[in-house]
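Notes for the structure review
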Amino acid sequence: MSSKRVLTVCFVLIFLDLALPSFAYAYLDPGTGSYIFQLMIAGAVGLAFVAKVYWRRIVAFLGDLFSKDRETDEED
Amino acid sequence: MKKTEEYAEVRGSFRDPSGFVLLREGLIYRQINRAYRGNYDHLVDSGLYDTLVRDGLLVPHAEVGIQQAVTEDVYKVIRPEQIPFVSYPYEWCFSQLKHAALLTLEVQRRALDFGMSLKDSSAYNIQFRKGRPIFIDTLSFEKYREGQPWVAYRQFCQHFLAPLAVMSHVDVRLSQFFRVYLDGIPLDLASLLLPARTRVNLALLSHIHLHARAQKHFADQSIPSKRHSMGRTAFLGLVDSLRSAIERLSWQPVGTEWHDYHAISNYSALASKHKKQLVAEMLDEVTPAPTSVWDLGANIGLSSRIASDRGIMTISFDIDPAAVEKNYLESVAKAETDILPLLLDLTNPSPGLGWENQERMSLVERGPTDVVLALAIIHHLVISNNLPFHKVASFLSQVCNSLIMEFVPKSDSQVQRLLSNREDIFGEYDQHAFEREFGEFFAIQHRRTITDTNRILYLMTKGGD
């Protein structure tokens, strides 16, 4: 699925971004990191969510279509 | 609790400036401060409160007069429906924590539909009522500000995702981290413990491993300016991603010491049936009729259900995570409302935790219960744990008013198994000593021998010689 590939690319980039610098031990509230991290993954999780919603709609539409076809066949 | 003549402030609630919980004449009230007025009104007026209560997700409450208030900063005082027994995440099995996590996300998802969001996502916001988890912190909702990330994201990962991930991928016993880390498992620790294979799981890679790195990396930086924002779709995506991650985590209740107790127990069908009948008769005999029972060493809850099937609220404690898991899953499958399986090491029961050791109640503080069932555990306490009868009786007298207890004599094959690999230093382990020591704390009402065994069942009431 292409959205999965996009997600993978996003996360590899994020991983590289985080992996390169050296880390200092936190003495401040780590909430800052959680806050910024959400902004970083916002695009990816948003995209995945939209893809999922549309995928479900397509599946539901096709399901409806086939069940209608079957009903029509049975009526014939 | 800070006690005065009229009320006691429940200590676990002091961190939130929106209000606090107080106990007055045995009932829980919640004072809502003026600072929370706008959010509380929105919760009620938007219809979110009604929706959540209707679907059993949020504890219902009644508004009572502000004469119940404790400080002048009051906006309203509410009386939530009372939770019969307060339990904590370190006492929950895997599926209880998982269901609590999914409930939290469902509440968050619905809150967004009504323009609100959870400002915290502590596992302590969840209690079990009528067999199912329910959100109890009515003051956790705040108006959603478009563009804001989820302020409770870190807490959700620490309180739910990280514990469930380490329980699932490392060892289920790591739920006991909750006893040490009151604000959930630190993500750097969870990241360290989780096996390498979890890094190819996109959800765990992002919400735990990378999240932990981000926490360290950005720890000394300030929150970015408003031009960086997170839209509603991304917010929904975050909640959905967490939900998928939680749903995929699983644990099979096998491989622990007691997971197949009935395969190693020595009861014949006849003995088992007679014991069940005796326990039922003794329960019916307790006066006044009990409304609460603690079954200590309940395993998968067979004896607990003698009480809960009578409509008595029964807490079904066991030391084994697999037994508690099976017990809970059975209660869910049968939609039972009067049984709550919980994890407990009786030799080291839940202590008072948090600030001043008072934020989370000890087991003893949550008693006493009307009746304790202590069936087939005396030999484990005395022989496996070197606890004298006197100490066992003293503890039980603190937590119950009536006691239904099984004495397992030394001649029993199960006691012989316990003694097979150790020196018998228990010369005083006999019925006479048992009755003498328990008699100091309890009055023995009945003693009945269980058919086809040499075990004896006792009904005792508090108040000894």
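If you're wondering where the values come from, they're calculated on a predicted model, not measured in any experiment. (Residues numbered from 1 in each chain as written. Chains lettered and ligands numbered in written order. Predicted model: local features only at pLDDT ≥ 70, side-chain atom pairs only at ≥ 80, totals over all residues. Heavy atoms only, no water.)

**Topic: the overall build of chain B**
When helices and strands are tallied, chain B shows 16 helices and 17 strands. Relative to the 2.2 N^0.38 estimate, which gives 23 Å for 465 residues, the radius of gyration of chain B is 24 Å and therefore close to what a compact globule would have. Principal-axis analysis of the C-alpha atoms places the extent of chain B at approximately 75 × 60 × 40 Å. In chain B, which comprises 465 residues, the proportion classed as buried is 56%. A sequence separation of at least 24 residues applies to 70% of the contacts in chain B between residues at least 6 apart. If you sum the accessible surface of chain B, you get close to 19,700 Å²; carbon and sulfur atoms cover 50% of it. Looking at charge distribution, chain B has the averaged site of its 50 positive side-chain charges lying 6 Å from that of its 55 negative ones. (Helix = DSSP H or I, 4+ residues; strand = E, 2+ residues; numbered from the N terminus. Rg over C-alpha atoms; globule rule 2.2 N^0.38 Å. Buried < 20%, exposed > 50% of the residue type's maximum accessible area, 1.4 Å probe, protein only. Contact = heavy atoms within 4.5 Å. Areas by Shrake-Rupley, 256 points an atom, 1.4 Å probe, with all protein chains shown as cover. Lys, Arg positive; Asp, Glu negative; His and termini not counted. Charge placed at Lys NZ, Arg CZ, Asp CG, Glu CD.)

**Thoughts on the pairing of strand 16 (residues 442–449) of chain B**
The two faces of the sheet receive side chains in turn, since in a regular strand these alternate between them. Residues and elements named next belong to chain B. Across seven bridges, strand 16 lies against strand 17 (residues 456–462) in antiparallel orientation. Directly across from His-446, in strand 17, lies its bridge partner Leu-459. Linking strand 16 back to strand 17 in an antiparallel pair, the connection comprises six residues, with Asp-452 at a positive phi of about 70 degrees. (Pairing = 2+ DSSP bridges.)

**Considerations on unusual backbone geometry**
All names here are of chain B. Across the junction of Thr-287 and Pro-288, the peptide omega takes the value -10 degrees, indicating a cis bond. Positionally, Pro-288 belongs in the loop between helix 10 (269–285) and strand 11 (292–296). Looking along the chain, the bond that leaves Gly-367 and enters Pro-368 is cis, with omega of -5 degrees. Tracing the sequence through the fold places Pro-368 in the loop between strand 13 (339–343) and strand 14 (369–374). Positioned with a positive phi, Asn-299 is a non-glycine residue whose angle comes to about 50 degrees. Counting through the fold element by element, Asn-299 comes out in the loop between strand 11 and helix 11 (304–308). Residue classification places Asn-299 among the buried residues on the basis of a relative accessible area of 8%.

**Here's the deal with the pattern of salt bridges**
Residue and element names in this part refer to chain B. Per the stated rule, a full pass over the model turns up 27 salt bridges over all chains. A salt bridge links Glu-146 to Arg-232; its shortest N-O distance comes to 3.8 Å. Of this pair, Glu-146 sits in the loop between strand 10 (141–143) and helix 4 (153–169) while Arg-232 sits in helix 8 (residues 232–248), and the two are 86 residues apart along the sequence. Taking the relative accessible area as the measure of exposure, Arg-232 reaches 33% and is therefore partly exposed. Between Arg-173 and Asp-171 there is a salt bridge, with the nearest N and O atoms lying 2.8 Å from each other. A relative accessible area of 58% means that Arg-173 is categorised as exposed. For Asp-171, a relative accessible area of 25% puts it in the partly exposed group. The structure contains a network of salt bridges with shared partners spanning Arg-54, Asp-55, Glu-106, Arg-109 and Arg-110. (Salt bridge = Lys/Arg side-chain N within 4 Å of Asp/Glu carboxyl O.)

**Observations concerning the environment of Leu-62 of chain A**
Positionally, Leu-62 of chain A belongs in helix 2 (residues 31–75). As for Leu-62 of chain A and Ser-34 of chain A, which are separated by 28 residues in sequence, their C-alpha atoms are 40 Å apart.

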